[in-house]
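Commentary on secondary and tertiary structure
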Amino acid sequence: PAGDATFDTITCKAWKVVDKDGKPRIRAKAFADGLASVEWLDKDGKVRIGATTVADGQASVELLDKDEKVRISAGTPADGRASVQWKDKDGKIRINAGTNADGDSAVQWRDKDEKVRIFAETNADGSASVQWKDKDGKLRIDARTFADGDAGVGWLDKDGKQRFDATTYADGAVRLPTKDLKPK
């Protein structure tokens, strides 16, 4: 068709792709400081996806909603970490997940005020844990497995006092609470 062309290489500092009506739909640009970015726009010209790389090795991608608010961010800093954040319509982080270069990883679930309510992690040494916090940010349940094969769970009251603690050990022994239990 008329207007089509094939090139082996196109060299430029910026470019844009337009739709049949001439509206920009993709923009790309390289900057003098080493940053490079690409943006994808919807039919109304709003940025919906942005991707960047930085001279120091960082890279990121952001997904934006119809109001151009970032809802999902993913990034990889130069140090080997990686993370993804999910945000609500007000821009508050509700879920944050990441990995470190050493093999540790974690996920946080946050409430509407961005307080961490659930935290789960796995570690390169083989240990793992999940912690649940109340609306005031106080630890209420703590469950863990350890690299040596031990595992345990504890429940705490609203004042942070351990109310129940049970452990199973790698050697087969079990520790259960024997006092201070008041069944309802």
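Regarding the layout of surface pockets
In this model, the largest pocket occupies a volume close to 240 Å³. Forming the boundary of the largest pocket are 19 residues, of which Ala97, Gly98, Thr99, Asn100 and Ala106 lie nearest the centre. Where the lining of the largest pocket is concerned, the elements lending two or more residues are β7 (82–87), β8 (93–99), β9 (105–110) and β10 (116–122). Among the residues forming the lining of the largest pocket, the class breakdown is six nonpolar, 10 polar and three charged.

Details of the side chain of Asp111
Along the chain, the position of Asp111 falls in the loop between β9 and β10. A distance of 2.9 Å separates a polar atom in the side chain of Asp111 from the backbone nitrogen of Asp113. Within the local environment of Asp111, its side chain forms a polar contact with the backbone nitrogen of Lys115, the two atoms lying 3.0 Å apart. Sequence-distant contacts of Asp111, defined by excluding residues within four places in its chain, comprise Arg94 and Arg117.

Here we look at a nonpolar patch on the surface
A cluster of nonpolar side chains, Trp40, Ile49, Val61 and Leu63, forms an exposed patch at the surface whose accessible area comes to about 290 Å². Following the sequence through the fold, Trp40 ends up in strand β3 (residues 36–41).

Some details on the environment of Asp111
Taking the relative accessible area as the measure of exposure, Asp111 reaches 14% and is therefore buried. Sequence spacing of Asp111 and Asp142 is 31 residues, and the spatial spacing of their C-alpha atoms is 18 Å.

Focus on the environment of Asp148
Topologically, Asp148 is positioned in the loop between β12 (139–145) and β13 (151–156). Only 2.9 Å separates the side chain of Asp148 from the backbone nitrogen of Asp150, close enough to count as a polar contact.

Topic: unusual backbone geometry
A positive phi angle, near 65°, is found at Glu68, a position not held by glycine. Position of Glu68 among the secondary structure elements: in the loop between β5 (59–64) and β6 (70–76). For Glu68, a relative accessible area of 38% gives the class partly exposed. In this model, Glu114 sits at a positive phi of 65°, which is unusual for a non-glycine residue. Summarising the element assignment, Glu114 is placed in the loop between β9 and β10. Residue Glu114 is classed as partly exposed on the basis of its relative accessible area of 32%.

What counts, and where the lines are drawn
- Residues numbered from 1 in each chain as written.
- Predicted model: local features only at pLDDT ≥ 70, side-chain atom pairs only at ≥ 80, totals over all residues.
- Heavy atoms only, no water.
- 1 Å grid on protein atoms, 1.4 Å probe; cavity = no way out; pocket = protein on both sides within 12 Å on 5 of 7 lines; lining within 4 Å.
- Points joined across faces, edges and corners; volume = space filled by probe spheres on them.
- Helix = DSSP H or I, 4+ residues; strand = E, 2+ residues; numbered from the N terminus.
- Nonpolar A, V, L, I, M, F, W, Y, C, P; charged D, E, K, R; others polar.
- Polar contact = N/O pair within 3.5 Å; in protein donor to acceptor, adjacent residues only side chain to side chain.
- Contact = heavy atoms within 4.5 Å.
- Patch = residues over 30% accessible without salt bridge, like charges linked within 9 Å, V, L, I, M, F, W, Y side chains within 5 Å.
- Areas by Shrake-Rupley, 256 points an atom, 1.4 Å probe, with all protein chains shown as cover.
- Salt bridge = Lys/Arg side-chain N within 4 Å of Asp/Glu carboxyl O.
- Buried < 20%, exposed > 50% of the residue type's maximum accessible area, 1.4 Å probe, protein only.

Function-wise, these values are silent; they only describe arrangement.
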